[in-house]
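In case you want the letters, here they are:
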Amino acid sequence: MAGPDLVIRARRVVTPGGTRPAAVVIRDGTIAAIGPYDAVAGPAGETAILADDEVLLPGLVDTHVHVNEPGRDHWEGFASATRAAAAGGITTIVDMPLNSIPPTTNAGALRIKREAAAGQVHVDVGFWGGAVPGSAVWLPGLHAAGAFGVKVFLIDSGVPEFPPLDQAGLASVMARAAELGTVVLVHAEDAGVVAGAPPAAGPGYGSFLRSRPAAAEVAAVAAVIEAAQATGARAHVLHLSAADALGLLTAARRDGVRITAETCPHYLALAAEDVPDGATEFKCCPPIRERANSDRLWQALAEGIIDCVVSDHSPCPPELKARGGGDFGAAWGGISSLQLALPVVWTQARRRGHSLDDVARWMAAGPARIAGLDGKGRIEPGCDADLVVFAPDDGFTVDPARLYHRHRLTPYAGQRLDGVVRWTWLRGEPACGSRPVGRGLAREAAGR
Ligand SMILES: [Zn+2]
């Protein structure tokens, strides 16, 4: 039997069974074995030994990224987004079906996305499909072509080519998804509740917050639960911000409804009370809410009611963010954080007494499970050798000039964060260099 291609020794290796000293043995891009720290000899020159302040983490999996290419690649693109991901310790992204043109609502559009990504990605990239009114007939073809699931909106998405579904449309997509055995991802804000709220206007964040009340998320989550229960489909609530919806999720799961939920770094790390007037780089939908709400989201993560933390990296050109001169009603909603997600979450997590095992569960294993990526997100024999060297006690101040995102506007500018990503491997190959080593991924057939 051929020897290993690479052996990595670390005093702290974060595995599903806990953190321990180990040697990780890599063959053909896959984790072949995990042995005692000193046990395995690597080939000459192919043994990496981590410093004592470094931890070996599984490569993170970010299942909520808007790459926007083709069609809006002046917003973000595959090369820049995946370069940022690799620099931030994220080795797999799953791209959202909007705001690219065309949106990924049929197999032909998925093929166009794959072709746009080919040859220029630094991390592995999978693709969610999407459904808009009248597009349910395309779902079997989209599923067969390897889309990981189906995203839908219940409120205006912000782009005209991706309109929302009503309750009947949601039920019909859910029924189709149940037949196919795929997951439906929902942007859960209720259009009626938001229409009844005072519209956002001006530079004050309070006006924007009142325009997207927690009640809109609660009503939409209730509708998703109802549709999932009626159809037996598996549903996933995207970017949960309103802690008021947690009770519904808990009760639904107790009743056997197949529903999961994610939240995002900005809902955990930022608070409405701290958003300066006119600072539209903080605008996203649903909105960042009050600090007390964020505390409840942390509690739900600790209890496993929220399954994972993903970026919802959703950039746009700075002129769209600045539209209206700091008017929260006019600015584009979306926060860029792909490269910063891990240190942002770790900085807060450690203060709240959480470990890197928790962070790996929320940002690697959890999202991989939701996307059905069985070979990603864990340091375990048989999984891809997607690995990150992370120095949890080192720190840095966020300098937008050092971000690889196409646009560098970020609400984290100038913040001091804990945790530095020092190196990233993708399937055993260095991912932080200039050579794009990523691949396009398709939904894995069951039973891998
Ligand atoms: Zn999104």
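Structure first, text after, so check above.
Throughout what follows, the structure given in this document is the object of discussion. (Residues numbered from 1 in each chain as written. Predicted model: local features only at pLDDT ≥ 70, side-chain atom pairs only at ≥ 80, totals over all residues. Heavy atoms only, no water.)

Digging into the sheet that holds strand 8 (residues 124–127)
What counts here: What makes two strands pair is DSSP finding at least two bridges between them. Strands are runs of DSSP state E lasting at least 2 residues, helices are runs of H or I lasting at least 4, and numbering of each runs from the N terminus. In this analysis an axis means a line fitted to C-alpha atoms, helices contributing only their contacting stretch, and an angle means the value between N-to-C directions, from 0 to 180 degrees.
Here we have 3 strands laid out as an open sheet, ordered 6-7-8, and parallel in their pairing. Edge positions in the open sheet fall to strand 6 (60–65) and strand 8, since each of these has one partner strand only. Going across the sheet, the axis of each strand differs from the next one's by a mean of 25°, ignoring polarity. When strand 6 meets strand 7 (residues 90–95), the two strands line up parallel, connected through 4 bridges.

Regarding the coordination of the zinc ion
The line we're drawing: Here a donor is an N, O or S atom found within 2.8 Å of the metal, or within 3.2 Å if the metal is Na, K or Ca; sites may look incomplete because water is not among the atoms. Three labels apply to residues, based on accessible area from a 1.4 Å probe with only protein chains included: buried if under 20% of the type maximum, exposed if over 50%, partly exposed otherwise in between.
Protein-derived ligands of the zinc ion are His64 (NE2), His66 (NE2) and Asp312 (OD), with the metal-ligand distances lying across 2.1 to 2.2 Å. Each donor residue of the zinc ion belongs to the same chain, with the gaps between them written as H-x1-H-x245-D. Residue classification places His64 among the buried residues on the basis of a relative accessible area of 0%.

Quick notes on the pattern of salt bridges
Between side chains of opposite charge, a pair can form when the charged atoms approach closely. For clarity, the cut-off: One speaks of a salt bridge when a side-chain nitrogen belonging to Lys or Arg is within 4 Å of a carboxyl oxygen belonging to Asp or Glu.
For the structure on display, the rule yields 21 salt bridges. For Asp244, the salt bridge goes to Arg296, with nearest N and O atoms at 3.0 Å. Of this pair, Asp244 sits in the loop between strand 12 (234–237) and helix 8 (246–254) while Arg296 sits in helix 10 (residues 291–303); the two residues are 52 residues apart in sequence, bridging distant segments of the chain. Residue classification places Asp244 among the partly exposed residues on the basis of a relative accessible area of 44%.

Focus on helix 7 (residues 214–231)
For clarity, the cut-off: Multiplying one less than the number of residues by 1.5 Å gives the expected span of a helix.
With 18 residues, helix 7 should cover 26 Å at 1.5 Å per step; its first-to-last C-alpha distance of 26 Å lies within 8% of that length. When helix 7 is considered as a whole, its buried residues turn out to be Ala214, Ala216, Glu217, Ala220, Val221, Ala223, Val224, Ile225, Ala227 and Ala228. Note on helix 7: the residue one or two positions beyond its end, Gly232, has a positive phi of about 80°.

A few points about the nonpolar core
What counts here: We call a set of buried residues a nonpolar core when its members are Ala, Val, Leu, Ile, Met, Phe, Trp, Tyr or Cys and they connect through side-chain atoms within 4.5 Å of each other. Residue contacts follow a heavy-atom distance rule, with two residues in contact if any of their heavy atoms lie within 4.5 Å.
In this structure, Ile93, Val152, Leu240, Ile259 and Met363 are the most contacted members of the largest nonpolar core, which totals 100 residues. Among residues more than four places away in sequence, those in contact with Val152 are Ala131, Leu165, Leu170, Val173, Val184, Leu185, Val186 and His187. Core analysis: the second largest hydrophobic core is formed by 17 residues, Leu6, Ile8, Val24 and Trp425 among them.

Description of the packing of aromatic side chains
For clarity, the threshold we go by: Stacked, edge-to-face and tilted labels apply to pairs of Phe, Tyr and Trp rings (six-membered ring for Trp) whose centres lie within 6.5 Å, assigned for plane angles under 30 degrees, over 60, and everything in between, in that order.
Summed over the entire model, instances satisfying the criterion amount to 9 aromatic pairs. Ring plane angle 70° and centroid distance 6.2 Å describe the contact between Phe78 and Phe127, whose orientation is recorded as edge-to-face. Taken together, the positions of Phe78 in helix 1 (residues 78–87) and Phe127 in strand 8 put the pair 49 residues apart, joining distant regions of the chain. Across the pair, Phe127 and Phe78 agree in class, each one buried. Geometrically, the ring pair formed by Phe208 and Phe328 is stacked, given 6.0 Å between the ring centres and 15° between the ring planes. Of the two residues, Phe208 sits in helix 6 (residues 205–211) while Phe328 sits in the loop between helix 12 (323–326) and helix 13 (341–351), which places them 120 residues apart along the sequence.

Comments concerning the sheet that holds strand 12
Across the sheet, 6 strands lie side by side as 9-10-11-12-13-14; this open sheet has parallel pairing. The two strands at the open ends of the sheet, each matched to only one other strand, are strand 9 (129–130) and strand 14 (308–309). Strand direction decides the pairing type here: strand 12 and strand 13 (residues 259–263), joined by 3 bridges, are parallel. Paired with His236 across the two strands is Thr260, which belongs to strand 13. Sheet contacts for helix 8: strand 12 and strand 13; angle to strand 13, the most-contacted strand, approximately 150°.

Quick look at the state of the cysteines
Stated formally: Whenever a pair of cysteine sulfur atoms sits within 2.5 Å, that pair is classed as a disulfide.
Applying the stated rule across the entire model yields 0 disulfides. Just so you know, Cys285 is unpaired, no disulfide at all, and the nearest cysteine sulfur is the one on Cys284, 6.8 Å from it.

Structural notes on the side chain of Glu189
Quick note on the threshold: Think of a polar contact as two N or O atoms within 3.5 Å of one another; within protein, one of them needs to be a possible hydrogen donor and the other a possible acceptor, and neighboring residues in sequence only count if both atoms come from side chains.
Residue position: Glu189 is located in the loop between strand 11 (183–187) and helix 5 (191–195). For Glu189, the side chain forms a polar contact with the side chain of His187, separated by 2.9 Å. Separated by 2.8 Å, the side chains of Glu189 and Arg212 make a polar contact. Setting aside chain neighbours within four positions, we find Glu189 in contact with Leu154, Ile155, Arg212, Ala216, Glu217, Ala220, Cys285, Pro286 and Pro287.

Regarding empty space enclosed by the protein
Condition: In the cavity and pocket records, a cavity denotes points on a 1 Å grid over the protein atoms alone where a 1.4 Å probe fits but cannot get out, a pocket denotes an open set with protein on both sides within 12 Å along at least 5 of 7 lines, and lining residues are residues with an atom within 4 Å of a point. Grid points are joined across faces, edges and corners, and a volume is the space filled by probe spheres set on the points. Each residue gets one label: Ala, Val, Leu, Ile, Met, Phe, Trp, Tyr, Cys and Pro are nonpolar, Asp, Glu, Lys and Arg are charged, and the others, such as Gly, are polar.
Inspection of every chain in the model, using the stated rule, returns 3 cavities of 30 Å³ or more. In this structure, the largest cavity spans a volume of roughly 80 Å³. Taken together, Glu281, Ser314, Pro315, Cys316, Lys321, Gly334, Ile335, Ser336, His407, Leu409, Thr410 and Pro411 make up the lining of the largest cavity. Looking at the lining of the largest cavity residue by residue, the class counts come to 5 nonpolar, 5 polar and 2 charged.

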